[in-house]
Structure formats: structure tokens, C-alpha cells
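# Structural features, examined
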Amino acid sequence: MLLSICIPVYNFDVRGLVSDLKKEIGVNGIDAEIILIDDASLESYKKTNQVLQNEVENFIFLEKNIGRSKIRNLFQKYVIGEYLLFLDCDGKITEKNFLKNYTEFILKDQDTKVIYGGRSILGYAPAPEYYLRWKFAAERENLPIELRLNKPYLSFQTNNFIIKRDVFKKVYFNPDFQKYGYEDLLFAMDLKSEKIKIDHIDNPILNNDLETNTIYLEKVVESVESLAKMLKDESLKSKLSEVKLVKLYNKLLFKPFINLSLGDKTLHTLKTKLLRGNVNLRYLDLYKLGLLIRLMKE
């Protein structure tokens, strides 16, 4: 089998995503299987998604949450495809030849090891209480392929990528980091250290789950906590030196005045501004920097 489609599921209705994938598999004759692993979702979501058990090759329900890295690694136990396509459960297929675009690229270049397809968002601004996550995606994440190709490792994300099965056995997600944040960049840098090329194509998936400003900022805190943990590990520190926030932190590390100016009072002020949604993302950069400075002192 050419392709194993791997979807980690957590508190989201994936029936539409699976239906779209199955439709294309049938229409385009894609040699593929679909594997779902539920990471201990709420019972309401489990019940909603249980109807898919007879629609996919395998649907595994975990009793305890194991986190973003471990669950992706777990797919190796169940897949049979030569290539694994990882999709976030909140993604939406908008391209009728989404799978075909990937398989054609693989068949044309059978030396490819990793492929990132990109992401897209709604083309119009959401309500103010959802604006911050949308703005960050629009300005920082949803990069055109021309820009992604300039920085193939730094622009890699885990929402929509393919990896060859034998490569994933060698380079997998670091299981020490279960929470949200920077596990994708660490994975990309592990690939880079092994000299494994990341190919980029224009084959995005729509981010179908807008988060409120409050929820997004909670995830920002979680992501910076993960980054701080990584930076305190000497074996990982150098791999993250190219990350924008890390470069800024290192540059300002020995400037006490700036460190003091990003104390708790300033962080509270920045958070208040960010909760409004429509603000310059430099405020978010400063908020992350202040969090990182504080966490690195602990």
C-alpha cells in the first residue's frame, strides 16, 4: 500500500474529514488506508465519531491522553503504507485532488522522504474574539510556497505532511514533549540534523477550527513552556537556535534592563491588548519573549 492517512483525534468531529478523504480515495483510485487514534477525547466526541469504526481501516480509542508527540509515534504500530500522511483532526479538505497531488509527487520523485503541503485559513476576518489566532495564521503560518522553500525546515508544520515509513522509524517525535508547541520545529530540526530533505508543495488543508483569543493565549503559554523545557536540555538547545523567538532571547539575554521591562506587570498589559484580537503581532512577540525570560529563570 502506498499511503496510510494518520489522523490523531482529540475533541473534534472528524466525520466530514473522513468522508471527504474516502470520497477522493474512491474517485481517484488512491491506494490508501485511513487510521484514526483518539487521544482520550470527551465521551460526547467519542460517541459522535464511533460511527466511523466501520468506515476506516482502524480506529483506536486510548483510555489516557498521551499527547501530541507520542500519539503520532503510535501510528507506526498500526500502519502498512509506504508513506504516512499526517493530518490534524480539525483540518478540512478544500482541493478535490488533495491526495492525488501527493501521490503524483511521490511517483514522480520516489527519492522524496518528507513533504509538507501547507495550510490555509478562512479568507475573511472572523469576529473580534476569534481574531488573534486567525491573524497569526494569516501573517506567520500560511506562507506561500515561494517563502516556504526559502526556509524548508523552519516553515514545516505537522498539520499536513507526508513522511516515508522507514524514515519515521529513524526520526520520530520526541516523546518527552507531550504538550502543544514547538514539537513540530524540533522534529524538523531532527530531520535537518539527519540531512533528510523536506520537500514543499502547494497542497494546503484548511484550518477548520477557530480558537478564541483566550484559548489561543493559553496555548501560547503552553508552547513557550515547551520551548523553555527544550532550551534547558543541552542536547536540544543548538537545534532550536534558528527559531525566531530563541534568536531574540539569546540576543537580549545579557541586557538586564530589557529583561526587567518584561516583568509581570508588562505581561499583564500585553495580554490585555492581545485579548482584543486585532493588534500588531509584535505585541504577541513581546508577550512570548517575556514568558520565555521568566521561564528560563525558574
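Attention in this report is confined to the structure presented alongside it. Being a predicted model, the structure only gives us computed values, none of them experimental.

Our next topic: the packing of helix H5 (residues 131-141) against helix H9 (residues 213-231). It is the contact of H5 with H9, at a shortest axis distance of 7 Å, that shows an interaxial angle of 60°. As judged from the angle between their axes, H5 and H9 are oblique. Contacts between H5 and H9 pair Tyr 131, Leu 132, Arg 133 and Phe 136 from the former with Asn 213, Tyr 216 and Leu 217 from the latter. Class assignment of the residues belonging to the contact of H5 with H9 gives a composition of 5 nonpolar, 1 polar and 1 charged.

With that out of the way, let us pick up the environment of Arg 148. You can see Arg 148 is positioned in helix H6 (residues 145-150). Separated by 24 residues in sequence, Arg 148 and Tyr 124 have C-alpha atoms that sit 23 Å apart. In contact with Arg 148, not counting residues within four places along its chain, are Tyr 116, Gly 117, Gly 118, Leu 143, Ser 155, His 200, Ile 201 and Asp 202. One polar contact links the side chain of Arg 148 to the main-chain carbonyl oxygen of Ile 201, over a distance of 3.0 Å.

Let us look at the nonpolar core. Ranked by internal contacts, the top residues of the largest apolar core, which has 34 residues, are Val 220, Leu 227, Leu 284, Tyr 287 and Leu 292. Only H5, helix H8 (183-193), H9, helix H11 (244-252), helix H13 (264-274) and helix H14 (281-297) provide two or more residues apiece to this core. Excluding its chain neighbours within four sequence positions, the residues that come into contact with Leu 292 are Val 224, Leu 227, Ala 228, Leu 231, Leu 245 and Tyr 249.

This part takes up the pattern of salt bridges. Here the structure, examined in full by the defined rule, presents 18 salt bridges. The closest approach of N and O atoms between Arg 15 and Asp 13, which form a salt bridge, is 2.7 Å. With a relative accessible area of 40%, Arg 15 lands in the partly exposed category. Given a relative accessible area of 31%, Asp 13 falls into the partly exposed group. One salt bridge connects Arg 133 with Glu 211, and the closest N-O pair in it is separated by 3.7 Å. Note that Arg 133 is positioned in helix H5 and Glu 211 in the loop between strand S10 (205-207) and H9, a separation of 78 residues in sequence. Pair check on accessibility: Arg 133 and Glu 211 agree, each one buried. Among the charged side chains, a network of salt bridges with common partners joins Arg 119, Arg 133, Glu 141, Glu 211 and Lys 219.

Turning our attention to the side chain of Asn 49. If you trace the backbone, Asn 49 turns up in helix H2 (residues 43-49). Accessibility expressed as a relative area gives 0% for Asn 49, which makes it buried. Setting aside chain neighbours within four positions, we find Asn 49 in contact with Val 9, Phe 12, Asp 13, Val 14, Arg 15 and Phe 59.

As for its placement among the helices and strands, Ile 37 is situated in strand S2 (residues 32-38). In this structure, the C-alpha to C-alpha distance between Ile 37 and Ile 71, residues 34 residues apart in sequence, is 7.5 Å. Not counting residues within four places of it along the chain, the set of residues in contact with Ile 37 comprises Ile 7, Pro 8, Val 9, Ile 60, Leu 62, Ile 71, Leu 74, Phe 75 and Tyr 78.

Looking now at the packing of helix H1 (residues 15-28) against helix H4 (residues 98-108). Angle between the axes and distance between the axes: these two values describe a pair of packed helices. Between H1 and H4, the least distance of the axes is 8 Å, while the angle of their chain directions is 55°. By the angle between their axes, H1 is oblique relative to H4. Seen from H1, the contacting residues are Leu 21, Glu 24, Ile 25 and Asn 28; seen from H4, they are Phe 98, Leu 99 and Lys 100.

For H9, built from 19 residues, the straight-helix expectation of 27 Å at 1.5 Å per residue is met to within 8% by its first-to-last C-alpha distance of 27 Å. In this structure, the buried residues of H9 make contact with H5, H8, helix H10 (234-237), H11, H13 and H14.

Turning to H4, a few remarks are in order. Taken together, the buried positions of H4 are Phe 98, Leu 99, Tyr 102, Thr 103 and Ile 106. Along H4, the residues classed as buried sweep out an arc of 125° about the axis, all on the same side. Facing away from the buried side of H4 by over 90 degrees, the exposed positions are Leu 107 and Lys 108. On its buried face, H4 sits against strand S1 (3-9), H1, strand S4 (83-87), strand S6 (114-116) and strand S8 (160-164).

The subject of this paragraph is the state of the cysteines. Applying the stated rule across the entire model yields 0 disulfides. Here Cys 6 is not disulfide-linked; the sulfur of Cys 89 is the nearest cysteine sulfur, at 14 Å. Residue Cys 6 is classed as buried on the basis of its relative accessible area, which comes to 0%. Cys 89 gets classed as buried once you look at its relative accessible area, which sits at 12%.

The next point concerns the pairing of S1. Counting buried residues in S1 gives 7 out of 7 residues, a clear majority hidden from the surface. Neither face of S1 is open: one carries Leu 3, Ile 5, Ile 7 and Val 9, the other Ser 4, Cys 6 and Pro 8, and all of them are buried. Examined bridge by bridge, S1 and S2 share 7 bridges and lie parallel to one another. Among the inter-strand pairings, Pro 8 is bridged to a residue of S2, identified as Ile 37. One crossover worth recording links S1 to the parallel S2 by way of H1, and it is right-handed. Bridge count for S1 against S4 is 4 bridges, and the pairing is parallel. Paired with Ser 4 across the two strands is Leu 84, which belongs to S4.

Rules used in this analysis
Residues numbered from 1 in each chain as written. Predicted model: local features only at pLDDT ≥ 70, side-chain atom pairs only at ≥ 80, totals over all residues. Heavy atoms only, no water. Axes fitted to C-alpha atoms, helices over the stretch in contact; angles between N-to-C directions. Helix = DSSP H or I, 4+ residues; strand = E, 2+ residues; numbered from the N terminus. Parallel < 35°, antiparallel > 145°, perpendicular 65-115°, else oblique. Contact = heavy atoms within 4.5 Å. Nonpolar A, V, L, I, M, F, W, Y, C, P; charged D, E, K, R; others polar. Polar contact = N/O pair within 3.5 Å; in protein donor to acceptor, adjacent residues only side chain to side chain. Core = buried A, V, L, I, M, F, W, Y, C linked by side-chain atoms within 4.5 Å. Buried < 20%, exposed > 50% of the residue type's maximum accessible area, 1.4 Å probe, protein only. Salt bridge = Lys/Arg side-chain N within 4 Å of Asp/Glu carboxyl O. Expected span 1.5 Å × (residues − 1). Arc of directions from axis to C-beta. Disulfide = S-S within 2.5 Å. Pairing = 2+ DSSP bridges. Right-handed = clockwise from strand over helix to strand, strands pointing away.

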